[in-house]
Amino acid sequence: MDQSPENSDEALKTEQCEVDLAPYQKLLTENNENSDGNKQMSIEFVNLKYSVECKKGNFKDILREVSGRFLPGRLTAILGPSGAGKTSLLNILAGRKKIESQGCIIVNGMKISYQTLQKHCCYIPQEFALMPLLTVKETLLIAAELKLNNTYDARARELIVNEIVNKLNLNECWNSIVQRLSGGEKKRLSIGLEVITSPSVLLLDEPTSGLDSVSSKQVIELLHSLAQTGCTIICSIHQPSSQLFSLFDDIIILGQGKCYYCGPRDNIVDTFSEAGFICPNFYNIAEFVLEVITERRAGDLSILEKLHTNKERENIFYDETVKNNKNNENRKLFIFKNLENEKDSNVESRRYAVSNWVQLKVLLRRSFICIRRDNTLTKLRYTTHLVVALLLGIVFYKFGEVSTKIQSNIACIFFILLFLFFANSMPAVQMFPTETAVFVRENSNNWYSLHVYYISKVVSDLPLQILCPTSLLLIVYYLTGQPCEVTRFVQSWIICVLFTILAQSMGIVTGAAFNTDIGMFLIPALNIPMFLFSGFFLKFSEMPYYFRFISELSYFRYAFEGILQAIYGSNRRIFNCTVEMCITPGRILSQLNMPSVTYLTTNLALIAWTVVLHFTIYFVLRWKLYIAAK
């Protein structure tokens, strides 16, 4: 396995996983015994219904009065063909289908609130997003800092992480970058992130998807060993091998949104035989079950469904819930309807394990690590600014001092703005969708708040947003012979920095709202009108009146006019000119119909655009969280 050459921190070597735990044994024991208030949880669900609207007024039933139970200390598999409702059931149990669901969920014999269930459940989706530029060690330690409260000091967190690494067999890739891990290693790491706080309930959607048989066996064996510690573990699985199937303690079988079996794995064959479905000798039971559910074997599925329903009637909560459903046929039953406004003593007043200040410090440190290692968004981006600056300086060498080359000098200035925009917006479009997926997962699992994440994102981006345009402008400004006056340089620098921040904000908005393919198309397409009506291709007086509103909105226009005012405005000295061609700086601006607004106005316009974009980013992220919770 490749090792990260940049990870110079040797505080936690692999061999340090074997340490003297005596001073911290109490903390470790408390963590394993769910010291955060967690305990063994048996989950029963009665008559769960869930449907989605396909067309206006037409609904498709995903779950149809599904009932069953999950027991602590046992590994349960939700088995069924594609479209059976496995993922929907997990989403409901994880509190992610709050509005559309009907039915009742009982934990340890009591109805509980949505907040309590979400607090005790950890959900690992099929596509588990990870920060690709962190090492395994950094990923786990940062998760521990965000998920463990202040009763755990740094040493205790390290010991807990070391214990998890040993259980997950991640010692060999301890210092490896996440993007270099194999599929099985990523799956085990994703499980490790969620078991740091020893959750009472662990939900996994297709944990073996995309893995080979060896990696799949390792993951299921790991889950089986975790279940033996008292954790309630439920995972959906599509078509396990006989070897994998034998590792599960309980099985729930779904088909066409209905539940046909819920109980111990060893009783499946007898139950199906009672319904008239005989499993051949030496046949993979999982394959046999799927063949029955998909009606590829002769028989009556209604008998199997009736057997399951009769068994569920033994549940003391079943009849009461069915009665409630009949009394409320014309309106939805929210899962936690009766307890929405009740105070739950098990729910902490604060949703997150650590304070906002600790969240901010950890997220800033993580962001700076990723920025330092990012070859695209950091190293290549900065190198490109330097190379382009030298190229422009050579091509337009001393053009700013000669009156006969004014048009070319103005073209150079406009090209600088074009480069700053696309060089800072396009990388953000490529990189931010991955970060958005990580943010949605971590926020949904109560690692940190949206506003703290957003502040850390803005602050961590600022150094590079200042460094790149500053380096570019220093080189170009000197080599192209622009006026050597501090005031003019500072005014040009302010425009370039503001425009760079605006450009990256535009890229983040597009990357957060859309995928990379759509974003790479939208950035150029949406900005063609912006630089067409910037004042470079058309003078303001030549623009059709019905298109002038675009010029009023164009951030290219304000950046272009602002930097031209900085270079040519305020009684700048006359150029080195010839008899044939001698023009004053003021006349240059007047020929371009400038200044149409003051320099201060150009700055305020760029700031206003940046503020609007940042508000948009914030609400796009909040919308992503809302969609993830539906």
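What counts, and where the lines are drawn
Residues numbered from 1 in each chain as written. Predicted model: local features only at pLDDT ≥ 70, side-chain atom pairs only at ≥ 80, totals over all residues. Heavy atoms only, no water. Helix = DSSP H or I, 4+ residues; strand = E, 2+ residues; numbered from the N terminus. Buried < 20%, exposed > 50% of the residue type's maximum accessible area, 1.4 Å probe, protein only. Areas by Shrake-Rupley, 256 points an atom, 1.4 Å probe, with all protein chains shown as cover. pLDDT = per-residue confidence, 0-100. Contact = heavy atoms within 4.5 Å. Axes fitted to C-alpha atoms, helices over the stretch in contact; angles between N-to-C directions. Parallel < 35°, antiparallel > 145°, perpendicular 65-115°, else oblique. Left-handed = near helix turned anticlockwise from the far one by under 90°. Phe/Tyr/Trp six-rings, centres within 6.5 Å; stacked < 30°, edge-to-face > 60°. Pairing = 2+ DSSP bridges. Right-handed = clockwise from strand over helix to strand, strands pointing away. Salt bridge = Lys/Arg side-chain N within 4 Å of Asp/Glu carboxyl O. Core = buried A, V, L, I, M, F, W, Y, C linked by side-chain atoms within 4.5 Å. Patch = residues over 30% accessible without salt bridge, like charges linked within 9 Å, V, L, I, M, F, W, Y side chains within 5 Å. Expected span 1.5 Å × (residues − 1). Polar contact = N/O pair within 3.5 Å; in protein donor to acceptor, adjacent residues only side chain to side chain.

Turning our eyes to something else, we now look at the overall build of the protein chain. Along its length, the protein chain carries 22 helices and 10 strands. Evaluated residue by residue, the protein chain yields a buried proportion of 55% over its 630 residues. Total accessible area on the protein chain stands at roughly 28400 Å², and carbon and sulfur atoms take up 57% of it.

Now for the confidence of the model for the protein chain. This prediction gives the protein chain a mean pLDDT of 81; 83% of its residues lie at or above 70. For residues 1-37, every residue scores under 50 in pLDDT, and the model assigns this stretch 75 contacts once sequence neighbours within four places are set aside. Counting interchain partners and residues more than four positions distant, the pLDDT-below-50 stretch residues 325-350 has 40 contacts.

Its identity as a non-glycine residue notwithstanding, Gln-256 has a phi of 55°, on the positive side. Mapped onto the elements of the fold, Gln-256 is located in the loop between β9 (250-255) and β10 (258-264). Gln-256 gets classed as partly exposed once you look at its relative accessible area, which sits at 46%. We note that Phe-282 has phi near 60°; this positive angle belongs to a residue other than glycine. Counting through the fold element by element, Phe-282 comes out in the loop between α9 (268-274) and α10 (285-293).

Turning our eyes to something else, we now look at the packing of helix α14 (residues 375-395) against helix α15 (residues 406-444). It is at 11 Å that the axes of α14 and α15 come closest, and there the two elements cross at 165°. Between α14 and α15, the interaxial angle falls into the category roughly antiparallel. In terms of crossing hand, the pair formed by α14 and α15 is right-handed. The residues of α15 that touch α14, namely those facing Thr-376, Leu-377, Arg-381, Thr-384, His-385, Val-388 and Leu-392, are Phe-415, Ile-416, Phe-419, Leu-420, Ala-423, Asn-424, Pro-427, Ala-428, Gln-430 and Met-431.

Looking now at the packing of aromatic side chains. Per the stated rule, a full pass over the model turns up 26 aromatic pairs. Taking 6.4 Å as the distance between ring centres and 25° as the angle between the ring planes, the aromatic pair formed by Phe-439 and Tyr-448 counts as stacked. For Phe-439, a relative accessible area of 1% gives the class buried. When its relative accessible area of 0% is taken as the criterion, Tyr-448 is described as buried.

As a further point, take the pairing of strand β7 (residues 201-205). Among the five residues of β7, five are classified as buried, and the element is accordingly described as predominantly covered. Burial along β7 is two-sided: Val-201, Leu-203 and Asp-205 and Leu-202 and Leu-204, pointing in opposite directions, are all buried. Inspection of the sheet shows strand β6 (residues 121-124) paired to β7 by four bridges, in the parallel sense. Residue pairing across strands places Cys-121 opposite Val-201, the latter belonging to β7. Here β7 pairs with strand β8 (residues 232-237) via five bridges, running parallel. Note on β8: the bridge partner recorded for Asp-205 is Ser-236. Assessed by its sense of winding, the connection that carries the chain from β7 through helix α7 (residues 213-227) to β8 is right-handed.

Every α-helical turn comprises 3.6 residues, leaving residues that sit three or four positions apart pointing alike. Within helix α2 (residues 86-93), seven of the eight residues are buried, which leaves the element mostly enclosed by the surrounding structure. One or two positions beyond α2, positive phi appears at Gly-95, with a value near 80°.

The next point concerns the pattern of salt bridges. For the structure on display, the rule yields 19 salt bridges. In this structure, Glu-138 and Arg-373 form a salt bridge, with 2.8 Å as the shortest nitrogen-oxygen distance. Separated by 235 residues along the polypeptide, Glu-138 in helix α4 (residues 136-147) and Arg-373 in helix α13 (residues 356-373) bring together distant segments of the chain. Where Arg-557 meets Glu-561, a salt bridge forms, and the shortest distance between an N and an O atom there is 3.4 Å. Placement of both Arg-557 and Glu-561 in helix α20 (residues 555-568) is noted, with a separation of four residues, approximately one turn of the helix.

Within the largest apolar cluster, 150 residues are counted, with the highest numbers of intra-cluster contacts made by Ile-191, Leu-202 and Phe-272. Looking at this core, the element that brings in the most residues is α15, giving 19 residues. Residues within four places of Leu-202 in sequence aside, it is in contact with Cys-122, Ile-124, Ile-191, Glu-194, Val-195, Leu-223, Cys-231, Thr-232, Ile-233 and Ile-234. Core analysis: the next-biggest nonpolar cluster, separate from the first, contains 28 residues, Met-41, Ile-62, Ile-78 and Leu-117 among them.

On the surface, Leu-600, Leu-604, Ile-607, Val-611, Phe-615 and Phe-619 cluster together into a nonpolar patch covering about 600 Å² of accessible area. Tracing the backbone shows Phe-619 in helix α22 (residues 599-629).

Turning our eyes to something else, we now look at the sheet that holds strand β4 (residues 102-107). Ordered in space as β2-β1-β4-β5, the four strands form an open sheet in which the pairing is antiparallel. Either end of the sheet is taken by a strand with one partner, and the two such strands are β2 (58-70) and β5 (110-111). The pairing of strand β1 (residues 43-55) with β4 spans five bridges and is classified as antiparallel. Bridging from a neighbouring strand, Lys-49 pairs with Gln-102 of β4. Packed on one face of the sheet, α2 meets β1, β2 and β4 and runs near 115° to β1.

In spatial order, the strands read β6-β7-β8-β3-β9-β10; together these six strands make up an open sheet with mixed pairing. The open sheet has two free edges, formed respectively by β6 and β10, since each of these has just one partner strand. Adjacent strand axes in the sheet meet at a mean angle of 15° when their direction is disregarded. Of the pairings in the sheet, the one linking β9 to β10 comprises six bridges and is antiparallel in character. From the neighbouring strand, Ile-253 faces β10, where its bridge partner is Tyr-261. Together, β3 (75-79), β7 and β8 form the strand contacts of α7, whose direction differs from that of β3 by roughly 130°.

Another point: α7. A rise of 1.5 Å per residue sets the reference length of α7, with its 15 residues, at 21 Å; its end C-alpha atoms lie 21 Å apart and thus fit the reference within 8%. Those residues of α7 that fall on the buried side of the exposure criterion are Ser-215, Ser-216, Val-219, Ile-220, Leu-222, Leu-223, His-224, Leu-226 and Ala-227. In this structure, the buried side of α7 is in contact with β3, α5 (154-168), α6 (183-194), β7, β8 and α8 (242-245). Of the residues that open α7, the one with a side-chain oxygen 3.1 Å from the backbone nitrogen of Val-214 is Asp-212.

We now examine the environment of Ser-42. When you line up the elements, Ser-42 lands in the loop between α1 (25-32) and β1. Of the residues examined, Ser-42 reaches a relative accessible area of 16% and is grouped as buried. Considered as a pair, Ser-42 and Pro-72 are 30 residues apart in the sequence and their alpha carbons are 5.5 Å apart. Residues within four places of Ser-42 in sequence aside, it is in contact with Phe-70, Leu-71, Pro-72, Ile-106, Val-107 and Asn-108.

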